Amino acid sequence: NAGVMQNPRHLVRRRGQEARLRCSPMKGHSHVYWYRQLPEEGLKFMVYLQKENIIDESGMPKERFSAEFPKEGPSILRIQQVVRGDSAAYFCASSPLAGQAVVEYFGPGTRLTVT
Amino acid sequence: DAKTTQPNSMESNEEEPVHLPCNHSTISGTDYIHWYRQLPSQGPEYVIHGLTSNVNNRMASLAIAEDRKSSTLILHRATLRDAAVYYCILPYSGGGADGLTFGKGTHLIIQP
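Source: prediction; values computed, not measured. (Residues numbered from 1 in each chain as written. Chains lettered and ligands numbered in written order. Predicted model: local features only at pLDDT ≥ 70, side-chain atom pairs only at ≥ 80, totals over all residues. Heavy atoms only, no water.)

A. Main features of the overall build of chain B. Secondary structure summary: chain B contains zero helices and nine strands in total. For chain B, the α and β elements follow one another from N to C terminus as β-β-β-β-β-β-β-β-β. Taking 112 residues into account, the globule formula puts the C-alpha radius of gyration at 13 Å, and chain B, at 13 Å, falls close to it. With the C-alpha coordinates of chain B rotated into their principal frame, the extents come out at 40 × 30 × 25 Å. Put simply, chain B has 112 residues, and 46% of those count as buried. Sequence-distant contacts in chain B: of pairs separated by 6 or more residues, those separated by 24 or more amount to 57%. Charge-centre separation for chain B: the mean point of 8 positive side chains lies 3 Å from the mean point of 11 negative side chains. (Helix = DSSP H or I, 4+ residues; strand = E, 2+ residues; numbered from the N terminus. Rg over C-alpha atoms; globule rule 2.2 N^0.38 Å. Buried < 20%, exposed > 50% of the residue type's maximum accessible area, 1.4 Å probe, protein only. Contact = heavy atoms within 4.5 Å. Lys, Arg positive; Asp, Glu negative; His and termini not counted. Charge placed at Lys NZ, Arg CZ, Asp CG, Glu CD.)

B. Quick peek at the state of the cysteines. Residue and element names in this part refer to chain A. Inspection of the entire model under this criterion finds two disulfides over all chains. Put simply, Cys23 and Cys92 are joined by a disulfide, and their sulfur atoms are 1.7 Å apart. An S-S torsion of about -45 degrees defines the bridge between Cys23 and Cys92 as left-handed. Taken together, the residues span a long stretch of sequence, with Cys23 in strand β3 (residues 19-24) and Cys92 in strand β9 (residues 88-95) at a distance of 69 residues. (Disulfide = S-S within 2.5 Å.)

C. Molecular detail of the pattern of salt bridges. Applying the stated rule across the entire model yields six salt bridges over all chains. As a salt-bridge pair, Glu18 of chain A and Arg78 of chain A come within 2.8 Å of each other at their nearest N and O atoms. On the criterion of sequence distance, the pair formed by Glu18 of chain A in the loop between β2 (10-13) and β3 and Arg78 of chain A in strand β8 (residues 75-79) is long-range, its members being 60 residues apart. Accessibility expressed as a relative area gives 30% for Glu18 of chain A, which makes it partly exposed. Here Arg78 of chain A falls in the partly exposed class, since its relative accessible area comes to 27%. A salt bridge links Glu15 of chain B to Arg77 of chain B, with the nearest nitrogen and oxygen atoms 3.5 Å apart. Of this pair, Glu15 of chain B sits in the loop between β1 (9-13) and β2 (18-23) while Arg77 of chain B is found in the loop between β7 (70-75) and β8 (84-89), placing the two residues 62 residues apart along the sequence. Shared partners join several salt bridges into a network, and the residues in it are Glu18, Arg20 and Arg78 of chain A. (Salt bridge = Lys/Arg side-chain N within 4 Å of Asp/Glu carboxyl O.)

D. Seen up close, the sheet that holds strand β1 (residues 5-7) of chain A. Residues and elements named next belong to chain A. Spatially, four strands are ordered β1-β3-β8-β7 in an open sheet, and the strand pairing comes out antiparallel. Looking at the sheet topology across the chains shown, the edges are occupied by β1 and β7 (65-68). Here the average twist between neighbouring strands, direction ignored, is 15 degrees. For β1 and β3, the ladder comprises three bridges, and the chain directions are antiparallel. Paired with Met5 across the two strands is Ser24, which belongs to β3. (Pairing = 2+ DSSP bridges. Axes fitted to C-alpha atoms, helices over the stretch in contact; angles between N-to-C directions.)

E. Just the pairing of β8 of chain B, in detail. All names here are of chain B. When you tally the buried positions in β8, you get six out of six residues, the bulk of the element. Residues of β8 alternate between two faces, with Ala84, Tyr86 and Cys88 on one and Val85, Tyr87 and Ile89 on the opposite face, all of them buried. Bridge analysis of strand β3 (residues 33-38) against β8 gives five bridges, and the strand direction is antiparallel. Note on β8: the bridge partner recorded for His34 is Ile89. Pairing analysis gives three bridges linking β8 to strand β9 (residues 106-111), with the strands arranged antiparallel. Counted as the bridge partner of Tyr86 is Thr106 from β9.

F. Summary view of the side chain of Ser61 of chain B. Residues and elements named next belong to chain B. One can find Ser61 in strand β6 (residues 61-64). Look at Ser61 and you get buried, because its relative accessible area is 6%. In this structure the side chain of Ser61 is engaged in a polar contact, spanning 2.6 Å, whose partner is the side chain of His76. (Polar contact = N/O pair within 3.5 Å; in protein donor to acceptor, adjacent residues only side chain to side chain.)

G. Highlighting the sheet that holds β3 of chain B. All names here are of chain B. With respect to topology, five strands assemble into an open sheet ordered β1-β9-β8-β3-β4, the strand pairing being mixed. Edge positions in the sheet fall to β1 and β4 (45-50), since each of these pairs with one other strand and no more. Across this sheet, the average inter-strand angle for adjacent strands is 25 degrees, counted without regard to direction.

Quick look at the structure:
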């Protein structure tokens, strides 16, 4: 079974451009989570989505960031008007269910560099 | 998530067992204990999880104290590939966000 897929693996954007990060969950998984890891820092939860619904976006910056998980296709994390501080590794995880006993399976990440 | 406390770093020799401790004194009765690890330049990887009883899988063992206020991840025979940051996490505990809360973890260094 294929694991969680993320693309692109590396993305370079100039300040002010838009960045679109894609995440295809594992087959049969309808729960998706996005995390951000700034350089030399730990992973921080951003947003949790189920198919077509945002369940928890408490970790998402209020401006410029949005996420979706449509009925068909991958989950998308969109960053508008990127700034240098957005440079980070963005990881997506998926799970078949939600709850304390459920394991999250992570993708390899997208490394965003803003120049 | 309930707070967990781990040593910043640990060092071990290749082919020796490694015991990674985690304190979680505010754990509640329904909190599961999860361990993930992150190898350099990779995404986090699930290692093991448990509730009350000790658990074993192909990667590691998890020993949970009787009062559940601490646990130990055991790598029975460390290899160089086990060098990573190991995170002890209590998901969704305390009404926190629906995602995992990664602390600083323990940076495990394996000497050849």
